[in-house]
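Close look at the chain arrangement
Next come the chains, spelled out residue by residue.
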Amino acid sequence: MSAPVLLLDGASMWFRSYFGVPSSITGPDGRPVNAVRGFLDSVATLITRERPSRLVVCLDLDWRPAWRVDLIPSYKAHRVAAAGPAGEITGADELAEADIEEVPDDLSPQVEMILEILDAYGIATAGAEGYEADDVLGTLAAAETDDPVVVVSGDRDLLQLVGDDPVSVRVLYLGRGLSNATMFGPTEVAEKYGVPVHRAGAAYAELAMLRGDPSDGLPGVPGVGEKTAASLLREFGSLAAILSAAENPKSSLAKGIRAKLMAAGGYIEAAGPVVRVARDAPVQFYTETDRLPLSPADPARVAELAKAYGVDSPVARLQKALDAL
């Protein structure tokens, strides 16, 4: 098997690094660098584990796109007040999962430090104006036709990307941290969520639509929880088939479920583009190639930044991981 393409959910990873590494860790000038250190160490660990030939850090240029809000006004609405000016750097499940009320002010400057180091190294970054990091990940995964893909994120929404055609796409889910990360493919998604294995990724997105997702402000179909949604998907195969059965009075669909689905028709129609990760976002790369560099593009700049931010050791560990490829 060829070496994988590693697609990293940047915001998810540095947010988790911020809360996973003590804030007492600071640079020479006293500024916190815990997220920087944690992120670089995580990248080094992932390179050692997955041995990729290509790697892209995907960015959140719009954590709450207007086109999604227009369809579902409640989409991430509860995060607007909490996120504040730094809200644009989150864009994942972290606020809800970590029970965090607001994004710390000292995380935003660290994101700039991380991006500076990645640029000096020549490690690829990519984003899409008007889209979330999820959409960048989805677009790059969908476009890959040569090498297996590993998507790394703490956002369960990305489980909808798993598949085997035309290439293997797996999601390394960081919900319990990198050391306890779980690799999901179609089989694992089907086993955990009870959806049909032959279309596990697409079915997971449909499951999320039906059950809703409080962390994203998605109400779901009232009275249809995760178990009911999974049962319907197993019985009928897809959301389209479920809705067709709801419209057919002679189908085997229970009368109560039929009524709930029919009453939520407007929501279901609007929720599709909101819940499904885009596969055609206008992705822009900020490097010439996504080929993982084995040495820094600008060694002097990397050394300068490592010294200035007090992250010599994480940079050395990153280089050690690259040297072992």
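The rules behind these values
- Residues numbered from 1 in each chain as written.
- Predicted model: local features only at pLDDT ≥ 70, side-chain atom pairs only at ≥ 80, totals over all residues.
- Heavy atoms only, no water.
- Buried < 20%, exposed > 50% of the residue type's maximum accessible area, 1.4 Å probe, protein only.
- Helix = DSSP H or I, 4+ residues; strand = E, 2+ residues; numbered from the N terminus.
- Pairing = 2+ DSSP bridges.
- 1 Å grid on protein atoms, 1.4 Å probe; cavity = no way out; pocket = protein on both sides within 12 Å on 5 of 7 lines; lining within 4 Å.
- Points joined across faces, edges and corners; volume = space filled by probe spheres on them.
- Nonpolar A, V, L, I, M, F, W, Y, C, P; charged D, E, K, R; others polar.
- pLDDT = per-residue confidence, 0-100.
- Contact = heavy atoms within 4.5 Å.
- Salt bridge = Lys/Arg side-chain N within 4 Å of Asp/Glu carboxyl O.
- Axes fitted to C-alpha atoms, helices over the stretch in contact; angles between N-to-C directions.
- Parallel < 35°, antiparallel > 145°, perpendicular 65-115°, else oblique.
- Left-handed = near helix turned anticlockwise from the far one by under 90°.

Counting buried positions along strand β5 (residues 169-173) gives four out of five residues, so the element sits mostly inside the fold. Bridge count for β5 against strand β6 (residues 182-184) is three bridges, and the pairing is antiparallel. Within β6, the residue paired with Y173 across the bridge is T182.

Bringing the layout of surface pockets into the picture now. If you add up the space inside the largest pocket, you get close to 320 Å³. In terms of lining residues, the largest pocket is bounded by 16 residues, among which R16, S17, S42, G177 and L178 are the most central. Put simply, the parts of the chain that give the lining of the largest pocket at least two residues each are α1 (10-20) and α2 (34-50). Grouping the constituent residues of the lining of the largest pocket by class yields six nonpolar, seven polar and three charged.

This part is about the confidence of the model for the protein chain. Interpretation of this model should avoid reading the predicted coordinates in detail wherever pLDDT is low. For the protein chain, the average pLDDT comes to 92, and 93% of its residues sit at 70 or higher. A low-confidence stretch, residues 83-102 stays under pLDDT 50, and its non-local contacts, those more than four residues away or across chains, total 51 contacts.

Glancing now at the pattern of salt bridges. Note on pairing: side chains with opposite charge can pair once their charged atoms come close. Overall, the coordinates contain 14 salt bridges when judged by the stated rule. Here R276 ties to E206 by a salt bridge, and the two come within 3.9 Å at their closest N and O atoms. Of this pair, R276 sits in the loop between α13 (265-275) and β7 (284-285) while E206 sits in helix α9 (residues 200-211), and the two are 70 residues apart along the sequence. Under the relative-accessibility criterion, R276 is labelled partly exposed at 37%. One network of salt bridges, with partners in common, ties together R54, E144, D147 and D290.

Let us now look at the environment of Y18. Mapping Y18 onto the fold places it in helix α1. We classify Y18 as buried; its relative accessible area is 10%. For the pair Y18 and Q110, spaced 92 residues apart in sequence, the C-alpha to C-alpha distance is 9.1 Å. If we ignore the near neighbours within four places in the chain, the residues touching Y18 are N34, A35, P104, D106, L107 and Q110.

It is worth spelling out the packing of helix α6 (residues 108-121) against helix α14 (residues 299-309) at this point. The contact between α6 and α14 brings their axes to 9 Å, and the two run at 155°. With respect to their mutual orientation, α6 and α14 come out roughly antiparallel. Handedness of the α6/α14 crossing: left-handed. Contacts from M113, E116, I117, A120 and Y121 of α6 reach α14 at R301, V302, L305 and Y309. Tallied by class, the residues present in the contact of α6 with α14 amount to seven nonpolar, no polar and two charged.

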